[in-house]
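Each chain, written out:
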Amino acid sequence: MKHLNAINRKAARVEEVTQPARSSAEGPSPAVTADPASTGDVVALQQGGQPPQQPEGPHIPPGCSIVFSPGWEADRTGGTAGLCQPVERDLFDCHMGCYWPAQVPDQLNHAPDWTAKCAAAQKDWRKIDLVFPG
Amino acid sequence: MREPVSDERADHGVTKIAGVEAGVPGISPGVDTVVRLGEFHTFEAAGERFGYMVPSAAVFAFDACASAIVAALGEGPRTIGDLTAALEPRFRPDEVWDTLGELYRVRAIAEARASAPLPTILPLTVIPLQTLVVNVTNQCNLACEYCYEYGEDKIVDTENGQQPKFMSEETAREAIDFALRESGKTAMVTFFGGETLMNFPVLKKTVAYARARAAEIGKGIDFSLTTNATLLKPDVIDFLAEERIGVTISIDGPQEIQDKFRVFNNGKGSYDLVAPKIKALLARHKSRPIGARVTLTRQTLDVMKIYRHLHDEMGFWEVGFAPVTTAPQRGHAIGDAGFDHLLSQFRILAQDFLQASLEGRHHGFSNVRETLQEIHQGHAKAYPCGAGIGLLGVATDGNVSLCHRFAGSETHSFGSVTGGVDRAKQAAFLDTHHINHKTDCQSCWARPICAGGCYHEAHTRYGSTTGPNLHYCEWIRGWTHTCLEIYGELAVKNPGFLRQFDGADDEASQRH
């Protein structure tokens, strides 16, 4: 830390256990070793690779979907009167067993170019940016 | 969910955050995020500003930017954008965000929303016994008015009760077996009383037995005792020196102070008798440092005078002071004004300690040394002391109790030396006495080091071991603050001095 100086032994331990993941310039973090090129990047459920007995399947970026699901920005009629409640939003467009919300924007009305830079999801999913209700 | 912040969006707030893309690590991103101070106590030493974190007990030095953030948030919670703008004349926004991230890491700041209370964590496994205090007698040849064992505040009827006046040789051996069984690699045995040396024959045989038993089973054993020095005859002194037994002498100071309370049954003061014996002990017993333990009362609060006499004139290696444990209505009880006076005296002596330590000289004020050690290690206590955990007391009949001050008390019994520790009772005790149950302590920054204070003090004052000692809260906070300042001075000006405290915990764990 640059602005706080650990003085006693407990402070040194606090500093040690709260150490953020090291950046690529400092070498790979012990937890992320599968792909050196992605060191320090978000790899989420892929971390550590797949068990060897399973064939390498198609890459499905966790939390991303190319399917339009209404509920967040517009309801099924195109209006805003019947927006999904939080619990429902949590259940739409989940990545397999992960229930973390993975909402996609309304690509018909509000964000038609959302995936314009994402020609191949396996390769370009990082280019899919966040959008905010206008 | 709060919105992530990009450079462009930061414009929406008060300031533009140049070069900051990731936000403040750990905090919900956004210039509108409201942050507040976490729980910690600040102090200054050697021109620097420090924070004592609560409840972690970590000590950090703040740089100028961190100090400015802490000062600004001291006026109340505010948004990150607002804070950054306020500090911008002095610190770049990216510097402020960087510092906020570090402050957040150590919990010096938090988001304004309420945080969840910390869980009550009880020890999952049985903790080995570290110290067993063996009351070899409850008899005493002095009649100190303030005595917790014989005075008006006594817990156990030591004169007409069921307890034998002297521990038998057999019970003492059983206590040693118990200590060796329950301890880790090394058993620490402290002989206590009453006046410990009134049962010297049993004590002497017990030491021999204990050494032999420890050698048989391959464990270490260490002895210490506390005495009023009246029975320190030459053969006793020889024995203590040869057996390397740690000795603490209960003495209150120079003659006029000692003779106020530490008197014989006929009212005669004990100074004339004990002073030459103590000098003989200090001259002969060089194998362990010998300390004086002083009881302070309303009438005897001249800490400097007492220290000068016991350390400089008599030659004690160290001197420790403890305010008398008593009900508030007693004549010797220290009142609020007395505690203020005591604190000012402690502060003067602590400065003396600091000066000596900066110059690399030994200083014998043990209260400050012990507190510095705890600060250095960063002990964050759930319990005020080891009583009932790593320390137990044994009464003359072999009953095991919370500590030596409760020896013989049925209510505070934890089993016996033959039957072992009543683990269910111990677990119940640890549950009810956890710091999280002391509501008054939850807003106090000194709780990692105090944890509510002495069980016996609380019992004497309030009739229960479960509550905190509210009568000396101000004193504890004042004294801890002083020790933190001294710690900070030493950390900046003579950090090598603090290295002596590095191994304290390591040594303790090796004993287990």
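Worth saying up front: this structure is predicted, and the values here are computed from it rather than measured.

Draft legend 1. Seen up close, the packing of helix H12 (residues 366-377) of chain B against helix H16 (residues 473-493) of chain B. Residue and element names in this part refer to chain B. In the contact formed by H12 and H16, the axes pass within 10 Å of each other and the chain directions differ by 70°. Considered as vectors, H12 and H16 are oriented roughly perpendicular to each other. Packed against H12, whose contacting residues are Val368, Thr371, Leu372 and Ile375, the element H16 presents Thr480, Cys483, Leu484, Ile486 and Tyr487 at the interface. Considering only residue class, the contact of H12 with H16 consists of 7 nonpolar, 2 polar and no charged.

Draft legend 2. Here's a closer look at the sheet that holds strand S2 (residues 40-45) of chain B. One open sheet holds the 4 strands; their spatial order is S1(A)-S4(B)-S3(B)-S2(B), and the pairing between them is antiparallel. At either margin of the open sheet sits one strand with a lone partner, and together these are strand S1 (4-6) of chain A together with S2 of chain B. Adjacent strand axes in the sheet meet at a mean angle of 30° when their direction is disregarded. Running over the sheet, helix H2 (residues 64-73) of chain B touches S1 of chain A together with S2, strand S3 (48-53) and strand S4 (59-62) of chain B and is turned about 100° from S4 of chain B.

Draft legend 3. Broad picture of the interface of chain A and chain B. Taken together, the contact pairs 16 residues of chain A with 24 residues of chain B. Among the elements of the structure, S1 and helix H1 (9-17) of chain A are those that each provide at least two residues to the side of chain A that touches chain B. Among the elements that make up the side of chain A that touches chain B, the one with the highest residue count is H1 of chain A (4 residues). Residue composition of the side of chain A that touches chain B, by class: 9 nonpolar, 4 polar and 3 charged. Here S1 of chain A pairs with S4 of chain B via 3 bridges, running antiparallel. Across the sheet, the residue bridging to Ala6 of chain A is Phe60 of chain B, located in S4 of chain B.

Draft legend 4. Region of the structure containing the environment of Leu73 of chain B. Residue and element names in this part refer to chain B. As for its position among the elements, Leu73 is in helix H2. For Leu73 and Val35, which are 38 residues apart along the polypeptide, the C-alpha to C-alpha distance reads 8.0 Å. Beyond its immediate sequence surroundings of up to four residues, Leu73 is in contact with Val35, Arg36, Leu37, Arg78 and Ile109.

Draft legend 5. Molecular detail of the sheet that holds strand S5 (residues 78-79) of chain B. Residue and element names in this part refer to chain B. Taken in spatial order, the 3 strands make up an open sheet running S5-S1-S6, and their pairing is antiparallel. Each edge of the open sheet carries a strand with a single partner, namely S5 and strand S6 (109-111). Direction of pairing for strand S1 (residues 34-37) relative to S6: antiparallel, over a ladder of 3 bridges. Bridged to Val35 within S6 is Glu111. Seen against the sheet, H2 touches S1, S5 and S6 and runs at an angle of roughly 95° to S1.

Draft legend 6. Examining helix H15 (residues 455-462) of chain B more closely. Residues and elements named next belong to chain B. Most of H15 is tucked away, with 7 of its 8 residues classed as buried. Of all the residues in H15, the buried ones are Tyr455, His456, Glu457, Ala458, His459, Thr460 and Arg461. One or two residues past the end of H15 sits Gly463, with phi positive at roughly 80°.

Draft legend 7. Looking closely at the packing of helix H3 (residues 80-87) of chain B against helix H4 (residues 93-105) of chain B. Residue and element names in this part refer to chain B. Across the interface, H3 lies against H4 with an axial gap of 9 Å and an inter-helix angle of 125°. Classified by the interaxial angle, the pair formed by H3 and H4 is oblique. H3 and H4 meet at a crossing whose hand is right-handed. In this structure, H3 contributes Ile80, Leu83, Thr84 and Leu87 to the contact, and H4 contributes Pro93, Val96 and Leu100. For the contact of H3 with H4, the class distribution of residues is 6 nonpolar, 1 polar and no charged.

Draft legend 8. Main features of the domain arrangement of chain B. All names here are of chain B. In terms of domains, chain B is made up of domain 1 (7-111) and domain 2 (129-505). Taken together, the contact pairs 15 residues of domain 1 with 16 residues of domain 2. Of all the secondary structure elements, the ones that give two or more residues to the side of domain 1 that touches domain 2 are S2 and S3. Residue contributions to the side of domain 1 that touches domain 2 peak at 4 residues, all from S2.

Draft legend 9. Local environment of the environment of Ala491 of chain B. Within the element layout of this structure, Ala491 of chain B appears in helix H16. Residues Ala491 of chain B and Phe346 of chain B, spaced 145 residues apart in sequence, show a C-alpha to C-alpha distance of 21 Å. Aside from chain neighbours lying at most four places away, what touches Ala491 of chain B is Ile7 of chain A together with Leu498 of chain B.

Draft legend 10. Unusual backbone geometry, seen in detail. Residue and element names in this part refer to chain B. Between Val54 and the following residue, Pro55, the backbone shows a cis peptide bond with an omega angle of 5°. With respect to the secondary-structure elements, Pro55 resides in the loop between S3 and S4. Residue Gly194 is bonded to the preceding Gly193 through a cis peptide linkage, with omega at 15°. Mapping Gly194 onto the fold places it in the loop between strand S8 (183-192) and helix H6 (200-217). The phi torsion at Ala229 lies on the positive side, around 75°, for a residue other than glycine. With respect to the helices and strands, the residue Ala229 is situated in the loop between strand S9 (220-227) and helix H7 (234-242). Even without glycine at this site, Ala451 takes up a positive phi of about 55°. Position of Ala451 among the secondary structure elements: in the loop between helix H14 (447-450) and H15.

Draft legend 11. Layout of the confidence of the model for chain B. All names here are of chain B. Averaged over all residues, the pLDDT of chain B is 89; the fraction at 70 or higher stands at 90%. Predicted confidence for residues 1-22 stays below pLDDT 50, and this span has 41 contacts to residues more than four positions away or in other chains. Across residues 507-512, where pLDDT falls below 50, the model places 8 contacts with residues more than four positions away in sequence or in other chains. We note a pTM of 0.77 for the whole complex and an ipTM of 0.84 for its interfaces.

Draft legend 12. View of the nonpolar core. Residue and element names in this part refer to chain B. Within the largest apolar cluster, 132 residues are counted, with the highest numbers of intra-cluster contacts made by Phe60, Leu132, Val134 and Val189. Built from parts of two domains, this core gets at least three residues from each of domain 1 (7-111) and domain 2 (129-505). Beyond its immediate chain neighbours, meaning those up to four positions away, Val189 contacts Leu132, Val134, Ile176, Ala179, Ala210, Ile221 and Phe223.

The rules behind each value
- Residues numbered from 1 in each chain as written.
- Chains lettered and ligands numbered in written order.
- Predicted model: local features only at pLDDT ≥ 70, side-chain atom pairs only at ≥ 80, totals over all residues.
- Axes fitted to C-alpha atoms, helices over the stretch in contact; angles between N-to-C directions.
- Helix = DSSP H or I, 4+ residues; strand = E, 2+ residues; numbered from the N terminus.
- Parallel < 35°, antiparallel > 145°, perpendicular 65-115°, else oblique.
- Contact = placed C-beta atoms within 7 Å.
- Nonpolar A, V, L, I, M, F, W, Y, C, P; charged D, E, K, R; others polar.
- Pairing = 2+ DSSP bridges.
- Buried ≥ 20, exposed ≤ 12 C-beta atoms within 10 Å, placed from the backbone.
- Left-handed = near helix turned anticlockwise from the far one by under 90°.
- Domains from an automatic or database assignment.
- pLDDT = per-residue confidence, 0-100.
- Core = buried A, V, L, I, M, F, W, Y, C linked by C-beta atoms within 7 Å.

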